Amino acid sequence: GTGSILVVDDDAEVRDVTGAMLETLGYTVSRAASAVEALAQIQAVTFDLVVSDVVMPGTSGVELERQLRQQRPGLKVLLVSGYARDAFTREGVDETRDVALLPKPLRLEALGRAVRKLLRE
């Protein structure tokens, strides 16, 4: 693939592995350890996609997605979580053209497919 992706996860190992997977697929990847870091990077850099964990201390991935939507309408977001899909529903997340959900643990093939789908739309 091609494009610029921001990976947001408070767990350094998960953030690095997810980033490495995306780099293996050909994407340019930046990393952020929190929603605050992600929002700062969004101000400085144009990304094609943000891949964010849902459960993070402070600002959740769901709230990050809402803030990103205000700052950059149309920015694609892939939310990932180790929790069941119904947790997304409880958080008020619905898959749309610009937001997709992917369960953890991430697998390279599934991650690649989800990213390609979002970037094509």
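About the cut-offs
Residues numbered from 1 in each chain as written. Predicted model: local features only at pLDDT ≥ 70, side-chain atom pairs only at ≥ 80, totals over all residues. Heavy atoms only, no water. Helix = DSSP H or I, 4+ residues; strand = E, 2+ residues; numbered from the N terminus. 1 Å grid on protein atoms, 1.4 Å probe; cavity = no way out; pocket = protein on both sides within 12 Å on 5 of 7 lines; lining within 4 Å. Points joined across faces, edges and corners; volume = space filled by probe spheres on them. Nonpolar A, V, L, I, M, F, W, Y, C, P; charged D, E, K, R; others polar. Buried < 20%, exposed > 50% of the residue type's maximum accessible area, 1.4 Å probe, protein only. Right-handed = clockwise from strand over helix to strand, strands pointing away. Pairing = 2+ DSSP bridges. Core = buried A, V, L, I, M, F, W, Y, C linked by side-chain atoms within 4.5 Å. Contact = heavy atoms within 4.5 Å.

## With respect to unusual backbone geometry
Here the residue pair Lys104 and Pro105 is connected by a cis peptide bond, since its omega of 0° sits within 30 degrees of zero. Position of Pro105 among the secondary structure elements: in the loop between strand 5 (99-103) and helix 5 (108-120).

## Structural notes on empty space enclosed by the protein
Tallied over the entire structure, the rule returns one cavity of 30 Å³ or more. Quantified by volume, the largest cavity comes out at close to 40 Å³. Top contributing element to the lining of the largest cavity by residue count: helix 1 (residues 12-24), with three residues. The class makeup of the residues in the lining of the largest cavity is six nonpolar, one polar and four charged.

## Thoughts on the pairing of strand 4 (residues 76-81)
Among the six residues that make up strand 4, six are buried, leaving the element largely enclosed by the rest of the structure. Across the two faces of strand 4 the burial is the same, with Lys76, Leu78 and Val80 and Val77, Leu79 and Ser81 all buried. Each parallel crossover has a hand, and the one from strand 3 (residues 49-53) via helix 3 (residues 61-71) to strand 4 is right-handed. Examined bridge by bridge, strand 4 and strand 5 share five bridges and lie parallel to one another. Counterpart to Ser81 in the pairing with strand 5 is Pro103.

## Focus on the nonpolar core
Core analysis: the largest hydrophobic core is formed by 19 residues, its most contacted members being Leu6, Val8, Ile42, Val50, Leu64 and Leu68. Those elements giving two or more residues to this core turn out to be strand 1 (4-8), helix 2 (35-44), helix 3, strand 4 and strand 5. Per-element tally for this core: the top contributor is helix 2, with four residues. Apart from the residues within four sequence positions on either side, Val8 is in contact with Ala32, Ser34, Ala35, Ala38, Val50, Val51, Ser52, Asp53, Met56 and Leu64. Counting residues in each nonpolar core, the second largest holds 17 residues, with Leu22, Leu49, Leu102 and Leu118 among its members.

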